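Here is how the chains run, residue by residue.
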Amino acid sequence: LTTKALACERSRPPAPRRAEIRSARALLDLRRPMSSTTASGRNLRLLFIGDVVGRAGRAAVVRRLPALRERWALDFVVVNGENAAGGFGITEAICEEMLAAGADCITLGNHAFDQRETLVFIERQPRLLRPVNYPPGTPGRGANVFEAARGQQVLVVNPMGRVFMDALDDPFAAIERELGACPLG
């Protein structure tokens, strides 16, 4: 081995043990949706699909989401669509396509307004959420209360972190404001 290769070998962390791998897989088991108990004691079956990117990501969501909703009896589905238009925001047509496929809510992030048309249609589309900690006066909303499939009320708050991002309001303060104003109690 060369000196460079030997240094590389020494810097590698030890391989995880089988038990660690099994427990990590159990935590990340994507074959089952998240389930949460509501105030009424009923389970709420949630699915969050993170960062749908470009045509291939959209096609996968549109093709698979209807069957996933049925198979898992999902009550509510959130899709992050901020990169759905080729990695640069979302268009109204793409938004409507994902909602028609079964998304209940679409969240955005730092690419929220990469497509200029979003500045207009976000005002009339209550199921499209920009980050809640964007400056006051930014078009759209950062949180909303929705009705899930079995009638439960679901508050979705969409905060955006500030690490390596433009200066924004404190996401934790924004969440506290929304929770305080939430009609769910």
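Parameters and conventions
- Sequence order as written defines the numbering, with residues in each chain counted from 1.
- At least 70 in pLDDT is required for a residue's local features to be given in this predicted model, at least 80 for side-chain atom pairs to be given and counted, and no such filter applies to totals for whole chains, interfaces and linings, which use all residues.
- Hydrogen atoms and water are omitted, and side-chain values are computed over all heavy atoms in the structure.
- pLDDT is defined as a per-residue confidence score from the predictor, taking values between 0 and 100.
- A contact between two residues is defined here by any heavy atoms of the two lying within 4.5 Å.
- Strands are runs of DSSP state E lasting at least two residues, helices are runs of H or I lasting at least four, and both sets are numbered from the N terminus onward.
- Any Lys or Arg side-chain nitrogen located within 4 Å of an Asp or Glu carboxyl oxygen qualifies as a salt bridge.
- For the exposure calls, accessible area comes from a 1.4 Å probe over protein chains only, and a residue counts as buried if that area is under 20% of its type's maximum, exposed if over 50%, partly exposed in between.
- Definition of nonpolar core: a set of buried residues of the types Ala, Val, Leu, Ile, Met, Phe, Trp, Tyr and Cys, connected through side-chain atoms within 4.5 Å.

**Q** Outline the confidence of the model for the protein, supporting the account with residue identities and numerical values.
**A** Residues with a pLDDT of 70 or more make up 76% of the protein, whose mean pLDDT is 83. Throughout residues 1-14 the model reports pLDDT below 50, and contacts reaching past four residues in sequence, or to other chains, amount to one contact. In this model, residues 19-30 is a region of pLDDT below 50 whose contacts with residues beyond four sequence positions or in other chains number three contacts.

**Q** Go over unusual backbone geometry with me, naming the residues and quoting the values.
**A** With phi around 45°, Asp51 is a residue other than glycine that occupies positive phi space. One can find Asp51 in the loop between β2 (43-49) and α3 (54-72). Phi at Ala73 takes a positive value of approximately 50°, unusual for a residue other than glycine. Tracing the chain through its elements places Ala73 in the loop between α3 and β3 (76-80).

**Q** Describe in detail the pattern of salt bridges, supporting the description with residues and values.
**A** Applying the stated criterion across every chain, the model contains four salt bridges. The salt bridge partner of Arg124 is Glu92, with a shortest N-O separation of 2.8 Å. Of the two residues, Arg124 sits in the loop between α5 (118-121) and β5 (128-129) while Glu92 sits in helix α4 (residues 92-101), which places them 32 residues apart along the sequence. The exposure class of Arg124 is exposed, given its relative accessible area of 52%. The partly exposed category is assigned to Glu92, whose relative accessible area is 26%.

**Q** Describe the nonpolar core, listing the residues and the values that go with them.
**A** Nonpolar side chains in soluble globular proteins generally cluster together in the buried interior. Of all hydrophobic cores here, the largest spans 27 residues; its most connected members are Ile90, Met98, Ile106 and Leu128. Of all the secondary-structure elements, those providing two or more residues to this core are β2, α3, β3 and α4. Those residues within four positions of Met98 in sequence are excluded, and the remaining contacts are Val52, Val61, Val79, Gly81, Ala84, Ile90, Ala103 and Ile106.

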